[in-house]
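What follows is the residue order along each chain.
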Amino acid sequence: MARPDLRRNDEMRKVKITTDYTIYAEGSVLIEVGDTRVLCTATVEETTPAFLKDTGLGWVTAEYSMLPRATHTRKKRDIKTLKLDGRSSEIQRLIGRALRAVVDRKALGERQIIIDCDVLQADGGTRCASITGGYVALYLACKKLLDTGVIERMPLTDAVSAVSVGIFEDEAVLDLNYAEDSRAIADCNVVMTGSGDFVEIQGTGEGRPFTREELTKLLSLGKKGTAKLCRAQRKALGLRAPEQEE
């Protein structure tokens, strides 16, 4: 089997993370995974949702959207219907859950960090790129809070990243682009910490059910992919080892 872009089954697309991509946000990142490009920005607000008032705990949440011509055909803006479409709503909840998994909310204090993930160009894996880039933007915002004395310790307990895996033409492959994703027999998104623990696994048999053996292969590929993404995150942040993030 030959993949559309001739990569090996266990080979990821080229990953590039550019920090401080915009000048106003407390943390900003452009992440490029192959031809997928997502702008991730972090905004710090000195308020929390009402359900956290007077708890001493902070909150991290996310919003996700796609520019109209990020895809092959124009996607209408959500403002046209006055509500967020179901896909975007599900994706931004996933991003928020993934990021909160590595946040010490007590150390963050009673404030909220909002991660905006705007897809500039989509070629598969936009939610995974949003999580991976969103973590870097979140780190930059937290580092700024720490450096200015707003918080006493780094609230991030680990890194987190995500990658897509799937069964394409009956073989397990890593980091699907759109051509593969649209024809995949099974499609999964694997979210893992820098320490190698699972945060979330989303998997669906599209063309047929998939076996336990295939799932094992997919998870192994996911672990390999997220490890590479974690290294890219550390490189972008100027960190040599996970423990240095503290």
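The structure we're discussing is the one just above.
### Examining the packing of helix α3 (residues 126-147) against helix α5 (residues 212-237)
Contact geometry of α3 with α5 gives a least axis separation of 10 Å together with a crossing angle of 30°. In terms of orientation, α3 and α5 fall into the roughly parallel class. The element α3 and its partner α5 pack so that their crossing is right-handed. Residues T132, Y135, V136, Y139 and L140 of α3 form the contact with α5, whose participating residues are L229, Q233 and L237. Across the contact of α3 with α5, the residue classes tally to six nonpolar, two polar and no charged.

### Topic: the sheet that holds strand β4 (residues 59-66)
The strand order across the open sheet built from five strands is β1-β2-β3-β5-β4, with neighbouring strands paired in mixed fashion. Edge positions in the sheet fall to β1 (15-19) and β4, since each of these pairs with one other strand and no more. Taking the axes of each pair of neighbouring strands and ignoring which way they run, one obtains an average angle of 20° across the sheet. Pairing geometry for β1 and strand β2 (residues 27-33), over five bridges, is antiparallel. From the neighbouring strand, T19 faces β2, where its bridge partner is V29. In this fold helix α1 (residues 86-100) packs onto β4 and β5 (112-121), with an angle of close to 145° to the strand it touches most, β4.

### Quick look at the sheet that holds strand β6 (residues 160-168)
Taken in spatial order, the four strands line up as β7-β6-β8-β9 in an open sheet, and their pairing is antiparallel. Every other strand in the sheet has two partners, leaving β7 (171-174) and β9 (198-205) as the edge strands with one partner each. Taken pair by pair, the neighbouring strands of this sheet meet at an average axis angle of 15°, ignoring direction. For β6 and strand β8 (residues 186-193), the ladder comprises eight bridges, and the chain directions are antiparallel. Along β8, the bridge assignment pairs V160 with T193. Helix-sheet contacts for α1 involve β6, β8 and β9, and the interaxial angle to β9 is about 150°.

Definitions and limits used
- Residues numbered from 1 in each chain as written.
- Predicted model: local features only at pLDDT ≥ 70, side-chain atom pairs only at ≥ 80, totals over all residues.
- Heavy atoms only, no water.
- Axes fitted to C-alpha atoms, helices over the stretch in contact; angles between N-to-C directions.
- Helix = DSSP H or I, 4+ residues; strand = E, 2+ residues; numbered from the N terminus.
- Parallel < 35°, antiparallel > 145°, perpendicular 65-115°, else oblique.
- Left-handed = near helix turned anticlockwise from the far one by under 90°.
- Contact = heavy atoms within 4.5 Å.
- Nonpolar A, V, L, I, M, F, W, Y, C, P; charged D, E, K, R; others polar.
- Pairing = 2+ DSSP bridges.

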